[in-house]
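The chain contents come next:
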Protein chains: 2
Amino acid sequence: MLLYNSAVSGNCWKVRQMLAHLGIRADETIEPSPEEVAARDAATVGREALDQDRPLELRELDVLDRSDRGSVLGALSPVLRVPVLVLDDGRPLFESNAIIDFLAEGTPYLPADAYERQQVLAWQFFEQYEIEPNLAVARFHRLFDVEPPPGLMAQKQAAGRRGLEALERGLAGRDFLVAGRYTVADISLYGYTHVAAEGGFDLEPYPWTRAWLDRVAAQPGHLLITD
Amino acid sequence: MLLYNSAVSGNCWKVRQMLAHLGIRADETIEPSPEEVAARDAATVGREALDQDRPLELRELDVLDRSDRGSVLGALSPVLRVPVLVLDDGRPLFESNAIIDFLAEGTPYLPADAYERQQVLAWQFFEQYEIEPNLAVARFHRLFDVEPPPGLMAQKQAAGRRGLEALERGLAGRDFLVAGRYTVADISLYGYTHVAAEGGFDLEPYPWTRAWLDRVAAQPGHLLITD
């Protein structure tokens, strides 16, 4: 499989993390754990794509100079953004949360119960609506020292805090977002929440969120965004 | 079932439209078509919830005065936004796209094929990331004459046009977004695209999108947002 990637992107991290849970990594020197091999065996979709021992190929795209997005991604994704995962048969997948749900089907990372699946999706849509557009954009301007349009940062800070408050309400009294266990919902929300500080967000007011971040980071096979 | 609703919301329209495709409406005087009864019989999840002939109950929330969202929705949804659909057993569903996917499971409106399902989700995530936040917000400020923060409308117009361009690329040469037929992906994207003009967006440059809007509106059981 080929992943059009950006090393700093929380969206791309989600895909690398889900693939790692299936024992598929760019680094060939890391042997899949028995748990990862079992998850890959359980995967019910994209089976052909997963049933191979070739390492993941990464193609890194520039975060700042996006002038090549049309020529590189145009035939693969109408939205011209990373991540795009190309299966071995050439079929491209776009949108990070939709990619990891595809990969997780049949594994413990995506619940089989209809109501729990609805909750997983609800959290993932929330992530793309209230977390990513605020936390990731604020982080981008700070990390890369790109001057934001006037007023943008204040707006992103306020909206991002509202998103973090909603996440905190969802995590209150819970170990994980859905089904009492670690799922793709946690992977999706972890992507940008765990680097919130890089966007100037203080997680001090969100104790349930902080405990959950630690719990996700303690999962077997956890991948650092810098890995 | 009880739907916390806003009559003008494209997100709430999606849920009312999907329910109508299953013959479930607030208006008791409309008899479900044989096609709608068949779709309801095919629904594999939330079966108990769908297997009843009571009309849909709507509870309208104010678009401008949102001060009651916490007290009304707090126990039902961490994100405190409509739509929220409460099943007859009391379980709440939040996030419009996640709700309609739940309702559509097993019906022709949600493909069974893994790759097609991935494409449906990808378009729905795109909708919440690039269409809704731009088209719906611009529309809100114009429809309700609410003064936007400085610079916001120009930013929403530019980002909304990028979203519409991506949608046009996705629809080029196609009758529908996924699987060659009308699915929940079309319902999700139609929600705000068909009222783009109310947000000040001109659809003239997007002929594939305009033809697709007509095609969606011609579906049996199509619901107007004003219905």
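> Please explain the layout of surface pockets as it appears in this structure.
Unoccupied space between atoms shows up once a probe the size of one water molecule is rolled over them. Its boundaries defined by the atoms lining it, the second largest pocket holds a volume of some 350 Å³. Every residue lining the second largest pocket is counted, 22 residues in all, and those nearest its centre are Glu105(A), Arg117(A), Leu121(A), Arg117(B) and Leu121(B). Contributions of two or more residues to the lining of the second largest pocket are made by helix H5 (96–104) and helix H6 (114–143) of chain A together with helix H5 (96–104) and helix H6 (114–143) of chain B. Top contributing element to the lining of the second largest pocket by residue count: H6(B), with five residues. Broken down by class, the residue content of the lining of the second largest pocket amounts to 14 nonpolar, two polar and six charged.

> Mind showing me how you'd approach H6(B) here?
Along an α-helix, a turn takes 3.6 residues, which lines up residues three or four apart on a common side. All names here are of chain B. At Ile131, H6 is deflected by roughly 45°, the largest bend along its length, and proline Pro133 occurs up to four residues later in sequence. Summarising burial for H6: 23 of the 30 residues are buried, a large majority. The backbone nitrogen of Tyr115 has a side-chain oxygen 3.1 Å away, supplied by the residue at the start of H6, namely Asp113. Within two residues after H6, Asp145 carries a phi angle of roughly 55°, on the positive side.

> Looking at this model, I keep getting lost on the relation of the copies chain A and chain B. Mind explaining?
The second copy of the chain is related to the first by a rotation about an axis and a shift along the axis. Rotating chain A by 180° about the axis while translating it 0.0 Å along that axis superimposes it on chain B, leaving an RMSD of 0.0 Å. Here the symmetry operator amounts to a two-fold rotation axis. It is Tyr129(A) whose C-alpha, among those of chain A, lies nearest the rotation axis, at 2.9 Å. Both copies contact each other with a shared surface, as 100% of the interface residues of chain A are interface residues in chain B too.

> Got a minute to help me understand the pattern of salt bridges in this structure?
Residue and element names in this part refer to chain B. Following the criterion strictly, the structure yields 18 salt bridges over all chains and no others. Put simply, Glu36 and Arg25 hold a salt bridge, and the shortest N to O gap is 2.8 Å. Of the two residues, Glu36 sits in helix H2 (residues 34–42) while Arg25 sits in the loop between helix H1 (10–21) and H2, which places them 11 residues apart along the sequence. The same class applies to Glu36 as to Arg25, namely buried. Put simply, Arg117 and Glu105 hold a salt bridge, and the shortest N to O gap is 2.9 Å. Of this pair, Arg117 sits in helix H6 while Glu105 sits in the loop between H5 and H6, and the two are 12 residues apart along the sequence. The residues Arg117 and Glu105 share a single accessibility class, namely buried.

What counts as what
Residues numbered from 1 in each chain as written. Chains lettered and ligands numbered in written order. Predicted model: local features only at pLDDT ≥ 70, side-chain atom pairs only at ≥ 80, totals over all residues. Heavy atoms only, no water. 1 Å grid on protein atoms, 1.4 Å probe; cavity = no way out; pocket = protein on both sides within 12 Å on 5 of 7 lines; lining within 4 Å. Points joined across faces, edges and corners; volume = space filled by probe spheres on them. Helix = DSSP H or I, 4+ residues; strand = E, 2+ residues; numbered from the N terminus. Nonpolar A, V, L, I, M, F, W, Y, C, P; charged D, E, K, R; others polar. Bend = angle between axes of the 7 residues up to and from the residue. Buried < 20%, exposed > 50% of the residue type's maximum accessible area, 1.4 Å probe, protein only. Polar contact = N/O pair within 3.5 Å; in protein donor to acceptor, adjacent residues only side chain to side chain. Least-squares fit on C-alpha atoms with pLDDT ≥ 70 in both. Contact = heavy atoms within 4.5 Å. Salt bridge = Lys/Arg side-chain N within 4 Å of Asp/Glu carboxyl O.

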